[in-house]
Amino acid sequence: MKTPRFLLPVATAGVLALSLSACAGGGGGGTSGDGSDAEANLDSRGPITYVQGKDNSNVVRPLIEKWNAAHPDEKVTFKEQTDNADQQHDDLVQNFQAKNADYDVASVDVVWTAEFAAKGWLQPLKDKMAIDTKGMLEPTIEAGSYKGTLYAAPVSSDGGILYYRKDLVPTPPKTWDEMMGMCSIAKQNNMGCYAGQFKQYEGLTVNASEAINSAGGSVLDKDGKPNLNTPEAEAGLNNLVKAFKDGNIPAEAITYQEEESRRAFQDGKLLFLRNWPYVYNLATTEGSSKVKDVLGMAALPGKDGPGASSLGGHSAAVSVYSDHKATSLDFVKFLVQEEQQKFFATQGSLAPVLGDLYQDQELVAKLPYLPVLKTSIENAVPRPVTPFYPAVTKAIQDNAYAALKGEKPAKDALSDMQKSIETAGAGS
Ligand code: GLC
């Protein structure tokens, strides 16, 4: 599997990197202050709290019940956040800054690992706190690591999927142009053609990056430098801009997060939808779903063939401020066990992190899309890996949004994106 170079803070990131390493202390990166928080409470057991974004697929509660039944003195309480990735991030930041001992185990989006680890908020998962990563997909391990140390245990991966209406489109499009060509079918059926997530939040960074990568461009070059002033990047962003302009993406999609776009598709209002694998479960089981028997799943469309998804997913990390780290670690280990991974897959259609499960006959029989999903994850492009990610994603979101709203030509939006990423201190 190819391992792209990630964006890392280096030389010209000077001031920011320096102030950051000063607060990260001790040269190792990831120890807090003098490192004492990371040394404390390693053997301590007792009740803990697990913090995660909205449990759209209702898989967390049953697992916590199972855990609690077996661990009456080490019960887990579920703190459920909203369904917006940026709000989840900000909530974690506030509670880590406040050294809140009640945020024992947190679900960490793949794009937050570097920032949280560099700030010293996550317990390094090594030595006494080590977990077994054998059999996990390599990109998921990398996504939970920072500077070679694992800080967050991979729990679920995520790769973008093109959902389509099998009844109306017998063969899914392989390229963006082919898909746009099929929008006449949507018109004939009085429905919107395509949507993804275009609200100004992390989902837009995902979708804009996919548009750029799928058109042959790249957000970062192979040395990890921003690479947005290219005709390919412009063509990619313009695919979305044009589709908004001509109505192939319905105007209301500018307000869509994952859930709004899922509902539109499930209500029969869209021919094509870009979303994560969790949609499969809800779209095939919810009583109100109009697409139950006509749900197709394919790779995202690209320029001359399949496109490139952004790599998504979540890992579980132990807070350095947890009072009960032995329990926290055991709960993390429980989440990544094969049994729980299978439950996530069969009940919530979440993407397993254990590679073998994609070949598991019982699972593949139940979830026939697993091979498509594995390909999506293997070819997925990570978003920039940097402790300065909040500024980087803001640069992408703000400028992509302005382009989609028609407030800036794609070319200017990309050149502003490039400049802002460089200013974020991560662009050298
Ligand atoms: C999904 C992905 C995550 C991404 C988010 C954006 O939850 O797993 O990586 O950042 O969507 O909305």
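Residues numbered from 1 in each chain as written. Predicted model: local features only at pLDDT ≥ 70, side-chain atom pairs only at ≥ 80, totals over all residues. Heavy atoms only, no water.

**Here we look at the environment of G236**
Mapped onto the fold, G236 is located in helix 10 (residues 231-245). Spatially, the C-alpha atoms of G236 and A215 are 4.9 Å apart, while their sequence positions differ by 21 residues. Here G236 is in contact with A211, I212 and A215, once residues within four sequence places are set aside. (Helix = DSSP H or I, 4+ residues; strand = E, 2+ residues; numbered from the N terminus. Contact = heavy atoms within 4.5 Å.)

**Some remarks on unusual backbone geometry**
A negative phi angle is the norm for most residues apart from glycine, just as the trans form is the norm for most peptide bonds. Positive phi values are uncommon outside glycine, yet K99 reaches one of about 55 degrees. Here K99 lies in the loop between helix 4 (85-97) and strand 3 (105-109).

**Concerning the layout of surface pockets**
Considering only enclosed or pocket space, the second largest pocket measures out at about 180 Å³ in volume. Taken together, A85, D86, H89, D90, W112, E202, Y389, P390, T393, K394 and Q397 make up the lining of the second largest pocket. The set of elements that each furnish at least two residues to the lining of the second largest pocket consists of helix 4 and helix 17 (389-404). Residue contributions to the lining of the second largest pocket peak at five residues, all from helix 17. Here the residues of the lining of the second largest pocket are counted per class, giving four nonpolar, three polar and four charged. (1 Å grid on protein atoms, 1.4 Å probe; cavity = no way out; pocket = protein on both sides within 12 Å on 5 of 7 lines; lining within 4 Å. Points joined across faces, edges and corners; volume = space filled by probe spheres on them. Nonpolar A, V, L, I, M, F, W, Y, C, P; charged D, E, K, R; others polar.)

**A few points about the nonpolar core**
Of all hydrophobic cores here, the largest spans 134 residues; its most connected members are Y50, F116, Y163, Y194, F198, F272 and F331. Sort the elements by how many residues they give to this core and helix 17 lands first, with eight residues. Split by domain, this core shows at least three residues from each of two domains, domain 1 (23-157 + 312-378) and domain 2 (161-310 + 385-424). Residues contacting F272, with those up to four places away along its chain left out, are L162, Y163, Y164, V169, P173, M179, M182, C193, Y194, A195 and F265. (Core = buried A, V, L, I, M, F, W, Y, C linked by side-chain atoms within 4.5 Å. Buried < 20%, exposed > 50% of the residue type's maximum accessible area, 1.4 Å probe, protein only. Domains from an automatic or database assignment.)

**Some thoughts on the site of the ligand**
Neighbouring the ligand are 13 residues; D109, D158, E258, G313 and R383 lie closest to it. The contact in question runs from an oxygen atom of the ligand to an N or O atom on the side chain of D158, over 2.6 Å. In the model, an oxygen atom of the ligand is placed 3.1 Å from a nitrogen or oxygen of the W276 side chain. Out of a free accessible area of 310 Å², the ligand has 91% covered by protein chains. Placement of the ligand is best described as lying within the largest cavity. Looking at the shell around the ligand, the elements with two or more residues in it are helix 9 (202-214) and strand 11 (312-318). Here the shell around the ligand takes three residues from strand 11, the largest share from any one element. Looking at the shell around the ligand residue by residue, the class counts come to four nonpolar, four polar and five charged. Taken domain by domain, the shell around the ligand gets at least three of its residues from each of domain 1 (23-157 + 312-378) and domain 2 (161-310 + 385-424). (Near = heavy atom within 4 Å. Polar contact = N/O pair within 3.5 Å; in protein donor to acceptor, adjacent residues only side chain to side chain. Areas by Shrake-Rupley, 256 points an atom, 1.4 Å probe, with all protein chains shown as cover. Sits in = over half its atoms within 2 Å of the grid points.)

**Observations concerning the packing of helix 3 (residues 60-70) against helix 13 (residues 325-336)**
Look at helix 3 against helix 13: their axes get within 12 Å of each other, and the N-to-C directions meet at 125 degrees. As judged from the angle between their axes, helix 3 and helix 13 are oblique. Two packed elements cross with a definite hand, and for helix 3 against helix 13 that hand is right-handed. Counted together, L63, I64, K66 and W67 of helix 3 and T327, D330, F331 and F334 of helix 13 form the full contact between these two elements. Here the residues of the contact of helix 3 with helix 13 sort into five nonpolar, one polar and two charged. (Axes fitted to C-alpha atoms, helices over the stretch in contact; angles between N-to-C directions. Parallel < 35°, antiparallel > 145°, perpendicular 65-115°, else oblique. Left-handed = near helix turned anticlockwise from the far one by under 90°.)

**As for the packing of aromatic side chains**
Inspection of the entire model under this criterion finds 13 aromatic pairs. Seen in terms of ring centroids, W112 and F116 are 5.9 Å apart; in terms of plane orientation they differ by 40 degrees. Their pairing is tilted. Each member of the pair, W112 together with F116, is buried. Among the aromatic residues, those joined into a cluster by ring pairs are Y50, W67, F78, F331 and F334. The positively charged end of R274 is found above the aromatic ring belonging to W276, 4.2 Å away from the centroid. (Phe/Tyr/Trp six-rings, centres within 6.5 Å; stacked < 30°, edge-to-face > 60°. Lys NZ or Arg CZ within 6 Å of the ring centre and 35° of its normal.)

**A word on the pattern of salt bridges**
Side chains that carry opposite charge are capable of pairing whenever their charged atoms lie near each other. The final tally for this structure, using the stated rule, is 19 salt bridges. Notably, a salt bridge pairs D360 with K342, separated by 3.6 Å at the nearest N-O pair. With D360 in the loop between helix 14 (338-348) and helix 15 (361-366) and K342 in helix 14, this residue pair connects regions lying 18 residues apart in the sequence. Given the relative accessible area of 25%, K342 is considered partly exposed. A salt bridge links K394 to D398; its shortest N-O distance comes to 2.6 Å. Remark: D398 and K394 occur in helix 17; sequence separation between them is four residues, near one turn of the helix. The class for K394 is partly exposed, based on a relative accessible area of 48%. Through salt bridges with shared partners, a single ionic network connects E259, R262, R263 and E286. (Salt bridge = Lys/Arg side-chain N within 4 Å of Asp/Glu carboxyl O.)

**A closer look at the state of the cysteines**
Taken as a whole and assessed by the stated rule, the structure comprises one disulfide. Each disulfide pairs two cysteine sulfurs, and for C183 the partner residue is C193, the sulfurs being separated by 2.1 Å. Handedness here is read from the sign of the S-S torsion; for C183 and C193, about -80 degrees, the answer is left-handed. With C183 in helix 8 (residues 183-188) and C193 in strand 8 (residues 192-195), this pair connects stretches of sequence that are ten residues apart. (Disulfide = S-S within 2.5 Å.)

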